[in-house]
Amino acid sequence: MFQCIGYAAQDAASPLAPFSFERRDTGPHDVHIEILYCGVCHSDLHQSRNDWSNSLYPMVPGHEIVGRVVGVGAQVTKLKAGDYAGVGCLVDSCRECAACTADLEQYCLNMPTPTYNGRERNGEALTFGGYSDQIVVDQRFVVKIPDTLDLKGAAPLLCAGITTYSPLKHWKVGLGQKVGVIGLGGLGHMGVKFAKALGAHVTMITTSPEKGRDALHLGADEVLVSRDADAMAKAAGSFDFLLNTIPVGHDMNPYLGLLKLDGAMAIVGALTPLDPVLGAHLIMGRKSIAGSAIGGLAETQEMIDFCAEHGILADIEMIAIADINAAYERMLKNDVKYRFVIDMASLKVAAAAA
């Protein structure tokens, strides 16, 4: 074991504060990473405050991790010291079930091991995330970050990026299709960029004309304001696919009316109960509502390489780790465009001052 420093929540009511803890030494299949940047996902806020009633404390959040490899085990082949690497939402899975053997570790039938707020596969030690100076992860759950990608903007790709890329690829979004991205935030802004790069005609669907203007700057072809009944009626039956990034329960019925015959809407943001759906909206048009999580590790590497090829990064605001509690309060007010990223060089300063 070796000593690490990070920021942790000790309980649901306490602010995050400096925390010392131990990680395992580098095993034969492990990659040891010095963390340079860590994105701040909305789920970090929910988990640290036990909003989903499943939190384990002490908790070191963070699953959008980018850093420099400082050591590898004897059996590691995909990375070497000096490479840039990323770790997303998972650090392990059973590796044996039908999902894992199909490179779909995120759907592990025996439950994947989350990067934080979980337990190692032995069921004892807590997993601690990327609000820390170092991490050790099995090479299967590490992706290589090309030197051509800006590391700061690449960090959110490990969650926000793959969460939107995976459904777009699964539903074969591409040239000639009309795609609507519902909601412009950490997920939605990545959905716009990916759908556009895949060749689709992209519409931002939002309640806010101001966010619509932002979406046009991000690459959207047009904007549909969902509160405009006339505009929604005019757009009825015109979309091949909808990427729904709304993070809370909501009425999906108006959006189903936008889909073409055999169109699909993928839910990627809402983990809470959703409003009832009128069955006729599904039956009349053979439409589908589906859900999608992150991608598996092979698809995550594919996404990273796609981003390098197309120059895709998250739009970010850099913060110091000492500002994380203020950042959480701003996230509650949707006051970020569109992802906070922590400069982990600030950690040693914050820990020394504590």
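Below: a short report on this structure. Since we're looking at a predicted model, the values are computed, not measured.

1. Looking at the nonpolar core
Reasoning step 1: Tyr 131, Phe 194 and Ile 324 are the most contacted members of the largest nonpolar core, which has 92 residues in total.
Reasoning step 2: Ranked by residues supplied to this core, first place goes to strand E3 (residues 30-40) with seven residues.
Reasoning step 3: Residues within four places of Ile 324 in sequence aside, it is in contact with Tyr 7, Leu 16, Val 40, Tyr 131, Ile 319 and Ile 342.
Reasoning step 4: Counting 16 residues, the second largest nonpolar core, distinct from the first, contains Leu 224, Leu 256, Leu 258 and Met 265.

2. A word on the pattern of salt bridges
Two side chains of opposite charge can pair, provided their charged atoms sit close to one another.
Reasoning step 1: Counted by the stated rule, this structure contains 19 salt bridges.
Reasoning step 2: Between Glu 222 and Lys 178 there is a salt bridge, and its shortest N-O distance comes to 3.9 Å. Here Lys 178 lies in strand E10 (residues 178-182) and Glu 222 lies in strand E12 (residues 222-225), a separation of 44 residues in the sequence.
Reasoning step 3: Judged by its relative accessible area of 32%, Glu 222 is partly exposed.
Reasoning step 4: In this structure, Asp 335 engages Arg 330 in a salt bridge whose closest nitrogen and oxygen atoms are separated by 2.9 Å.
Reasoning step 5: With relative accessibility at 26%, the residue Arg 330 sits in the partly exposed group.
Reasoning step 6: Within the structure, one salt-bridge network assembled from shared partners comprises Arg 24, Asp 30 and Glu 120.

3. Describing the layout of surface pockets
Reasoning step 1: Here the second largest pocket is characterised by a volume of approximately 400 Å³.
Reasoning step 2: In this structure, the second largest pocket is lined by 19 residues; those nearest its centre are Arg 24, Glu 120, Leu 126, Thr 127 and Val 136.
Reasoning step 3: Counting residues per element, the lining of the second largest pocket draws most heavily on strand E8 (residues 134-138), which supplies four residues.

4. Some words on the sheet that holds E10
Reasoning step 1: Within the open sheet, the six strands sit side by side as E12-E11-E10-E13-E14-E15. Their pairing is parallel. Two strands close off the open sheet at either side, each with one partner strand: E12 and strand E15 (288-291). Here the average twist between neighbouring strands, direction ignored, is 25°.
Reasoning step 2: Of the strand pairs in this sheet, strand E13 (residues 239-244) and strand E14 (residues 259-267) are connected by five bridges, and their pairing is parallel. What sits directly across from Phe 239, in E14, is Leu 259.
Reasoning step 3: Strands E10, E13 and E14 of the sheet are contacted by helix H4 (residues 160-170), whose axis makes an angle of about 155° with E13.
Reasoning step 4: Along the sheet face, helix H5 (residues 188-197) touches E10, strand E11 (201-206) and E13 and points at about 165° away from the line of E11.

5. What to know about unusual backbone geometry
Reasoning step 1: That bond from Tyr 57 to Pro 58 is cis: its omega, 0°, falls within 30 degrees of zero.
Reasoning step 2: Positionally, Pro 58 belongs in the loop between helix H1 (42-48) and strand E4 (65-72).
Reasoning step 3: The omega angle of the peptide bond from Lys 337 to Tyr 338 is -10°, so this bond is cis rather than trans.
Reasoning step 4: Tracing the sequence through the fold places Tyr 338 in the loop between helix H11 (324-332) and strand E17 (339-343).
Reasoning step 5: The phi dihedral of Lys 172 is positive, around 55°, even though this residue is not glycine.
Reasoning step 6: Take Lys 172: it is sitting in the loop between H4 and E10.
Reasoning step 7: Phi at Asp 262 takes a positive value of approximately 65°, unusual for a residue other than glycine.

6. Section: empty space enclosed by the protein
Take a probe with the size of a water molecule and roll it over the atoms, and the empty space left behind shows itself.
Reasoning step 1: Considering all chains together, one arrives at one cavity of 30 Å³ or more under this definition.
Reasoning step 2: The calculated volume of the largest cavity comes to roughly 60 Å³.
Reasoning step 3: Every residue lining the largest cavity is listed: Gly 88, Cys 89, Leu 90, Leu 158, Ile 294, Gly 295, Leu 297 and Thr 300.
Reasoning step 4: Here the lining of the largest cavity is built from residues that sort into five nonpolar, three polar and no charged.

7. Re helix H12 (residues 346-353)
Reasoning step 1: Turning to H12, its buried residues are Ser 346, Leu 347 and Ala 350. Across the axial projection of H12, the buried residues extend over an arc of 100°, all falling on one side. Those residues of H12 that are exposed and angled more than 90 degrees off the buried face are Lys 348, Val 349 and Ala 352.
Reasoning step 2: On its buried face, H12 sits against strand E1 (2-8), strand E2 (17-23), strand E16 (316-320) and E17.

8. Let's talk about the state of the cysteines
Each disulfide consists of a covalent bond between the sulfur atoms of two cysteine residues.
Reasoning step 1: A complete count under the given rule lists zero disulfides for this structure.
Reasoning step 2: Of all cysteine sulfurs in the structure, the one in Cys 159 sits closest to Cys 89, which takes part in no disulfide; the separation is 3.8 Å.
Reasoning step 3: Residue classification places Cys 89 among the buried residues on the basis of a relative accessible area of 13%.

Criteria and thresholds
Residues numbered from 1 in each chain as written. Predicted model: local features only at pLDDT ≥ 70, side-chain atom pairs only at ≥ 80, totals over all residues. Heavy atoms only, no water. Core = buried A, V, L, I, M, F, W, Y, C linked by side-chain atoms within 4.5 Å. Buried < 20%, exposed > 50% of the residue type's maximum accessible area, 1.4 Å probe, protein only. Helix = DSSP H or I, 4+ residues; strand = E, 2+ residues; numbered from the N terminus. Contact = heavy atoms within 4.5 Å. Salt bridge = Lys/Arg side-chain N within 4 Å of Asp/Glu carboxyl O. 1 Å grid on protein atoms, 1.4 Å probe; cavity = no way out; pocket = protein on both sides within 12 Å on 5 of 7 lines; lining within 4 Å. Points joined across faces, edges and corners; volume = space filled by probe spheres on them. Pairing = 2+ DSSP bridges. Axes fitted to C-alpha atoms, helices over the stretch in contact; angles between N-to-C directions. Nonpolar A, V, L, I, M, F, W, Y, C, P; charged D, E, K, R; others polar. Arc of directions from axis to C-beta. Disulfide = S-S within 2.5 Å.

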